[in-house]
Amino acid sequence: MIVHEGYKNLELKNPVVTMGIFDGVHRGHRALINKVLSVAKETQGESVLITYYPHPRLVLEEGSANVSLLNSPEEKISLLASTGADHLIIIDFTPAFSRITASSFIKEVLVSQIRARHFIMGYDHRFGYRGEGDYDTIIRLAETMDITVLQSEGMEEGDITISSSLIREALLTGRLEDANRWLGYSYFLKGRVIEGEKLGRKLGFPTANISPLYKYKLIPADGVYAVEAKVEGSTMKAMLSIGNKPTIREEPGERSIEVNIFDFNKDIYNKEIEIIFRYRLRDEIKFANTQQLVRQMKNDKVKAINLLS
């Protein structure tokens, strides 16, 4: 996949285009992209994806520190590349760009600059100033331009339609299995190992404290998880805790992310680490004392090993 910073002076062959934020690159996104790939093959054209950087919410909303996203920009590019698309166009999303009307975007960007011949629109996608553009908008404009338009159906599971917001909600409420199923892969977090309080070592469960690499990366609900940890090319079984350590701390402290890698004792401070969330074991619990906590952690480890095996 060729990545383009901006949409000007591109040489694309009979482009078949779709656009979206693609946070998570979940199964619904992949169904849309597969439709683009199919039409590109039928028309002997090239498949083209359009997305934006930074995320529009970071530009348009006040208090963007509260924004949580499923992917960093680099992760999203990697996931989109895995779909087999030919091109990815990343548009610089600025306040000025946000004020472009839907009709101007179609005429000046999609048709004049990118020269799209076929446009595949997501089932609920909106675009242009204040989201004024929808499927009906582009259909009306397409009548005066040499462009065909199709709308992809949303991917449904039961009575729900898979979406990024649905997945974010599932992760934040502890429904990891739902989130992973809707994503089509196990949720992951990349971070750097930092110095901690070394409390786990005192309990017989040495942990690596993780600081996420991407400040807007969504951190799943507090609790204990069976995970895989990737460090320096090796993938190892582990269990991970997210929360405030209520059994140990008198007062709630800063939320921490700590991983106990099984049968591992190397110094990995300042190393990058990737955590792959496979199963959620339990909620974070305040025990009466550390002896009860240690007993539970031993049970957690046995359960994690069995699940990951």
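For the structure itself, consult the block above.
To keep things clear, this report deals only with the structure shown in the data block. (Residues numbered from 1 in each chain as written. Predicted model: local features only at pLDDT ≥ 70, side-chain atom pairs only at ≥ 80, totals over all residues. Heavy atoms only, no water.)

### Details of the nonpolar core
The nonpolar side chains of a soluble globular protein tend to be buried with one another. Formed by 51 residues in total, the largest nonpolar core has its most connected members in L240, V259, I261, I273, I275 and F277. Per-element accounting of this core gives the leading share, 5 residues, to helix α1 (residues 27-43). Apart from the residues lying within four places of it in its own chain, the contact partners of F277 are L176, N180, S186, Y187, F188, L189, P220, Y225, A226, V227, L240 and I242. Membership of the second largest hydrophobic core comes to 28 residues, among which are V48, Y52, V109 and F119. (Core = buried A, V, L, I, M, F, W, Y, C linked by side-chain atoms within 4.5 Å. Buried < 20%, exposed > 50% of the residue type's maximum accessible area, 1.4 Å probe, protein only. Helix = DSSP H or I, 4+ residues; strand = E, 2+ residues; numbered from the N terminus. Contact = heavy atoms within 4.5 Å.)

### Some remarks on the sheet that holds strand β13 (residues 256-261)
Taken together, the 6 strands give a closed barrel; going around it, the order is β9-β10-β13-β12-β11-β14, and neighbouring strands pair in antiparallel fashion. Going from strand to strand, the sheet's axes swing by 45 degrees on average, the running direction of each strand aside. With 6 bridges joining them, strand β12 (residues 234-243) and β13 adopt antiparallel strand pairing. Among the inter-strand pairings, A238 is bridged to a residue of β13, identified as I261. In this fold helix α8 (residues 176-183) packs onto β11 (223-231) and β14 (272-282), with an angle of close to 125 degrees to the strand it touches most, β14. (Pairing = 2+ DSSP bridges. Axes fitted to C-alpha atoms, helices over the stretch in contact; angles between N-to-C directions.)

### Structural notes on the packing of helix α7 (residues 164-172) against α8
α8 packs onto α7 with a crossing angle of 155 degrees between their chain directions and a minimal axis gap of 7 Å. Compared by their axis directions, α7 and α8 come out roughly antiparallel. In this structure, α7 crosses over α8, and the sense of that crossing is left-handed. Contacts between α7 and α8 involve L166, I167, A170 and L171 from the first element and L176, D178, A179, W182 and L183 from the second. For the contact of α7 with α8, the class distribution of residues is 8 nonpolar, no polar and 1 charged. (Parallel < 35°, antiparallel > 145°, perpendicular 65-115°, else oblique. Left-handed = near helix turned anticlockwise from the far one by under 90°. Nonpolar A, V, L, I, M, F, W, Y, C, P; charged D, E, K, R; others polar.)

### A look at the packing of helix α5 (residues 102-111) against helix α6 (residues 135-142)
As a packed pair, α5 and α6 sit with axes 10 Å apart at the nearest point and diverge in direction by 55 degrees. Classed by the angle they form, the pair α5 and α6 counts as oblique. Judged by the sense of rotation from one axis to the other, the crossing of α5 with α6 is right-handed. Here A102, S103, I106, K107 and L110 of α5 lie close against α6, whose contacting residues are T137, I138 and L141. The residue inventory of the contact of α5 with α6, partitioned by class, reads 5 nonpolar, 2 polar and 1 charged.

### Remarks on the layout of surface pockets
As a volume, the largest pocket reaches approximately 890 Å³. If you trace the largest pocket, you find 37 residues lining it, with G20, I21, D124, H125 and R126 closest to the centre. Counting only elements with at least two residues in the lining of the largest pocket, the list comes to α1, α2 (56-60), α4 (95-98) and α7. When its residues are assigned to classes, the lining of the largest pocket shows 16 nonpolar, 14 polar and 7 charged. (1 Å grid on protein atoms, 1.4 Å probe; cavity = no way out; pocket = protein on both sides within 12 Å on 5 of 7 lines; lining within 4 Å. Points joined across faces, edges and corners; volume = space filled by probe spheres on them.)

### Overview of the pattern of salt bridges
Per the stated rule, a full pass over the model turns up 16 salt bridges. E61 serves as the salt-bridge partner of R57, at 3.1 Å between the closest nitrogen and oxygen. You can call R57 partly exposed: its relative accessible area is 29%. Salt-bridge contacts for D283 lead to R280; the nearest nitrogen and oxygen are separated by 2.8 Å. When salt bridges with common partners are traced through the structure, they connect R27, E157, R175, D178 and R181 into a single cluster. (Salt bridge = Lys/Arg side-chain N within 4 Å of Asp/Glu carboxyl O.)

### What to know about the sheet that holds strand β5 (residues 118-121)
Reading across from one edge, β1-β4-β3-β2-β5-β6 is the order of the 6 strands in this open sheet, with parallel pairing throughout. Unpaired on one side and paired on the other, β1 (2-5) and β6 (148-151) mark the two borders of the sheet. On average, adjacent strands in this sheet sit at an angle of 25 degrees to one another, irrespective of strand direction. The pairing of strand β2 (residues 16-19) with strand β3 (residues 47-53) spans 4 bridges and is classified as parallel. Among the inter-strand pairings, V17 is bridged to a residue of β3, identified as V48. Across the face of the sheet, helix α3 (residues 73-81) comes into contact with β1, β3 and β4 (87-92) while running at roughly 170 degrees to β3.

Function cannot be inferred from these measures alone, as they are strictly geometric.
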